[in-house]
Amino acid sequence: MNPLDIEAIRKDFPILQREIHPGKQLVYLDSAATAQKPTRVIEAMDRYYRWSNANIHRGVHVLAEEATMLYEDARRNVAGFIGARDAREIIFTRNTTEAINLVAYSWGRANLQAGDVIILTEMEHHSNLVPWQMLAQERQVRLEFIPVTDDGLLDMEEYQKLLMLAPKLVAFTQMSNVLGTINPAGEIIRLAHDAGAITLVDGAQSVPHIPVNVVDLDVDFLAFSAHKMCGPMGSGVLYGKTALLEKMPPFLGGGDMIRKVMLRSYAPNSIPHKFEAGTPAVAEAVGLSAAVDYLKPIGMDAIAAHEHEIVSYALEQLNQIPGVRILGPDADRKGGVVSFTLDIAHPHDVAQILDRHGIAVRAGHHCAMPLHDRYQIPATTRASFYIYSTREEVDHLVQGLEQVKAIFG
Amino acid sequence: MDDLYREVIIEHYKNPGFRGELDPHDISFEDENPLCGDHIRIDLRVNENEVVTEAAFSGHGCAISQASADLLLEFIIGKTLDEIRQLTKDDLLELLGIELGPVRLKCALLSLKVLKAGVYGLGEASDSLVEGD
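Residues numbered from 1 in each chain as written. Chains lettered and ligands numbered in written order. Predicted model: local features only at pLDDT ≥ 70, side-chain atom pairs only at ≥ 80, totals over all residues.

1. Focus: the overall build of chain A
A tally of regular secondary structure across chain A gives 14 helices and 17 strands. For a compact globule of 409 residues, the expected C-alpha radius of gyration is about 22 Å, and chain A comes in at 22 Å, within 12% of that figure. If one aligns the C-alpha atoms of chain A with their principal axes, the spans along those axes are about 70 × 55 × 35 Å. Sorting the 409 residues of chain A into buried and exposed places 49% on the buried side. (Helix = DSSP H or I, 4+ residues; strand = E, 2+ residues; numbered from the N terminus. Rg over C-alpha atoms; globule rule 2.2 N^0.38 Å. Buried ≥ 20, exposed ≤ 12 C-beta atoms within 10 Å, placed from the backbone.)

In structure tokens form, the structure reads like this:
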């Protein structure tokens, strides 16, 4: 029994009606890269520019006040969506990557010294790897990695051993963008706190697809992107606990992040504005807020259940194709992501031939080169699902793979 | 059914004539496409007149990149290094006989980039080697 009315949901996404090639309607299986946008989000942003556009936090005219209100309402709405107690804990960024970089620059440079340990995992997206590598080079900080098992799970025994190094930070993805693995975030965070570390969760793949509550998780920092949860590109979020954010130095300098500026010095603004220098992406924040309003009534539990059904079906179908090797754990431990290889064809060729049938998948290393090295494969083909994905689309994928086999077989 | 996967492409991908390594060699160069991880190494032997007498490629990648490398090496046997320096993107696309979008173009051009960087004795295979006509 599927709790979602998929037919109604699909009508909310105009792009899903597009004919990609003559007679081939779009089969969009690339939502882990970016989700499609419902009319509601597109219209909210359009309405903002047509009716309310002004710069925020300064002007006293109607438009400026309205735009400021919309922007700050968006912040409150996002806070509520992830269970944050205080809207000041929500910092708008460009994307997950910028949110993680903000923590690396601001918290990292203020709190880490040579020899300090940061624990990451082998399944990180480059966005939760390279900022720490940069910091490690600059500060001689030591990076350690929780290994990934052959099944695509984090090796929790090894994690416990690494915690004996007294790390200052444990930063990890809640859901792998390649393996689909949903990591036991609550347990990882609890163990990190017991060891005296603070925690950062890369929620780029989890926040759009499963219920995430920052208070239940007790996470210190959570980063995610609007565009993977039906919102616009160019909008991301950093959640941080008030006590941490207040002690952190600013990230970028400029307008809006200051309380007072003299010729040779400045006094920073309070949070969250301290971390939001310059004119922000107001329409994008409005769009993100509309995306939250779209997802909330459907319910993140229902969305997760729907994706579980689709991914279970996809694994079952793909496992029947000779030569297909699927990375990652079984359906009960993963979200709506299936990365695979096909013995006779390279992932690029697979993706190209699928495209000819209107099927959009991703091929490559999905910004996780070390993880692919771990499995000794240069690239995979990835199909990823969302709220609007159907079993029929999985069937199209399977038929498309039969075509690949016909060409390369 | 698919223009991109013409029989000649699939044939060169599945049964390449020039796959392997040459040891010793006069020229060798390798590089990868950082976007997709396609990796190609090309080894050449040339005679005293700078004419290519033997060529081989190794590495991994999609059908387009591998078939392109095989077709390219087939084409340059008997050519001088100077002639290879003159090769353009269009020459390679003519060999392949297919139209490519911007993403797959990079797959096709990797072998030409590697070849020209090797022949010029450069440290890296820059895009500028295969741009323009």
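There's more to say after this.
2. What about the confidence of the model for chain B?
Detailed reading of the predicted coordinates is not advisable wherever pLDDT is low. On average, residues of chain B carry a pLDDT of 89, and 95% of them reach 70 or more. Reported confidences for the modelled complex are a pTM of 0.93 and an ipTM of 0.84. (pLDDT = per-residue confidence, 0-100.)

3. Brief notes about the sheet that holds strand 3 (residues 52-60) of chain B
Residue and element names in this part refer to chain B. Across the sheet, which stays open at both edges, the three strands sit in the order 1-2-3 with antiparallel pairing between neighbours. For this open sheet the edge positions go to strand 1 (27-32) and strand 3, each flanked by a neighbour on one side alone. Here the average twist between neighbouring strands, direction ignored, is 15°. For strand 1 and strand 2 (residues 39-46), the ladder comprises six bridges, and the chain directions are antiparallel. Considered in strand 2, the bridge of F29 is made with I42. Lying on the sheet, helix 2 (residues 63-76) is in contact with strand 2 and strand 3; it crosses strand 3 at an angle near 175°. Here helix 5 (residues 102-120) sits on the sheet in contact with strand 1, strand 2 and strand 3, set at roughly 140° to strand 1. (Pairing = 2+ DSSP bridges. Axes fitted to C-alpha atoms, helices over the stretch in contact; angles between N-to-C directions. Contact = placed C-beta atoms within 7 Å.)

4. Here we look at the packing of helix 3 (residues 62-81) of chain A against helix 10 (residues 282-298) of chain A
Residue and element names in this part refer to chain A. Where helix 3 meets helix 10, the axes come as close as 9 Å, and the angle between the chain directions of the two elements is 40°. Taken together, helix 3 and helix 10 sit at an angle that is classed as oblique. Judged by the sense of rotation from one axis to the other, the crossing of helix 3 with helix 10 is left-handed. Packed against helix 3, whose contacting residues are A67, L70, Y71, D73, A74, N77, V78 and F81, the element helix 10 presents V282, A285, V286, L288, S289, V292 and K296 at the interface. In terms of residue class, the contact of helix 3 with helix 10 is made up of 11 nonpolar, two polar and two charged. (Parallel < 35°, antiparallel > 145°, perpendicular 65-115°, else oblique. Left-handed = near helix turned anticlockwise from the far one by under 90°. Nonpolar A, V, L, I, M, F, W, Y, C, P; charged D, E, K, R; others polar.)

5. Quick notes on the environment of Q317 of chain A
Residues and elements named next belong to chain A. Counting through the fold element by element, Q317 comes out in helix 11 (residues 300-318). The spatial distance from the C-alpha of Q317 to the C-alpha of R58 is 57 Å, given a sequence separation of 259 residues. For Q317, the contacting residues outside a window of four places in its chain are V394 and V398.

6. Thoughts on the sheet that holds strand 10 (residues 236-240) of chain A
Residues and elements named next belong to chain A. Taken in spatial order, the seven strands make up an open sheet running 4-10-9-8-7-5-6, and their pairing is mixed. Pairing within the sheet leaves two strands with one partner each, and these edge strands are strand 4 (90-93) and strand 6 (142-146). Neighbour-to-neighbour, the strand axes of the sheet open up by a mean angle of 20°, direction not taken into account. Across five bridges, strand 7 (residues 169-173) lies against strand 8 (residues 198-202) in parallel orientation. The partner of L169 across the bridge, within strand 8, is I198.

7. Examining helix 2 (residues 39-52) of chain A
Residue and element names in this part refer to chain A. In a regular helix each residue adds 1.5 Å, so 14 residues correspond to 20 Å; helix 2 covers 19 Å between its end C-alpha atoms and thus fits that length. Those residues of helix 2 that sit buried are V41, A44, M45 and Y48. All buried residues of helix 2 fall inside an arc of 90° around its axis, so they share one side. The exposed set on the far side of helix 2, more than 90 degrees from its buried face, consists of R50 and W51. Buried positions along helix 2 lie against helix 3 and helix 10. (Expected span 1.5 Å × (residues − 1). Arc of directions from axis to C-beta.)

8. A closer look at the interface of chain A and chain B
Listed per partner, the contact involves 12 residues of chain A and 13 residues of chain B. Within the residue set of the side of chain A that touches chain B, elements represented by two or more residues are helix 12 (347-356) and helix 14 (391-408) of chain A. Examining the composition of the side of chain A that touches chain B, we find that five residues originate from one element, helix 12 of chain A, more than from any other. Grouping the amino acids of the side of chain A that touches chain B by side-chain chemistry returns five nonpolar, five polar and two charged.

9. Focus on the pairing of strand 17 (residues 380-384) of chain A
Residues and elements named next belong to chain A. Counting buried positions along strand 17 gives five out of five residues, so the element sits mostly inside the fold. Where strand 14 (residues 337-342) lies against strand 17, four bridges are found, and the strand directions are antiparallel. By the bridge assignment for strand 17, V338 is matched with A383. When strand 16 (residues 362-364) meets strand 17, the two strands line up antiparallel, connected through three bridges. Within the sheet, the bridge partner assigned to R362 lies in strand 17 and is R382.

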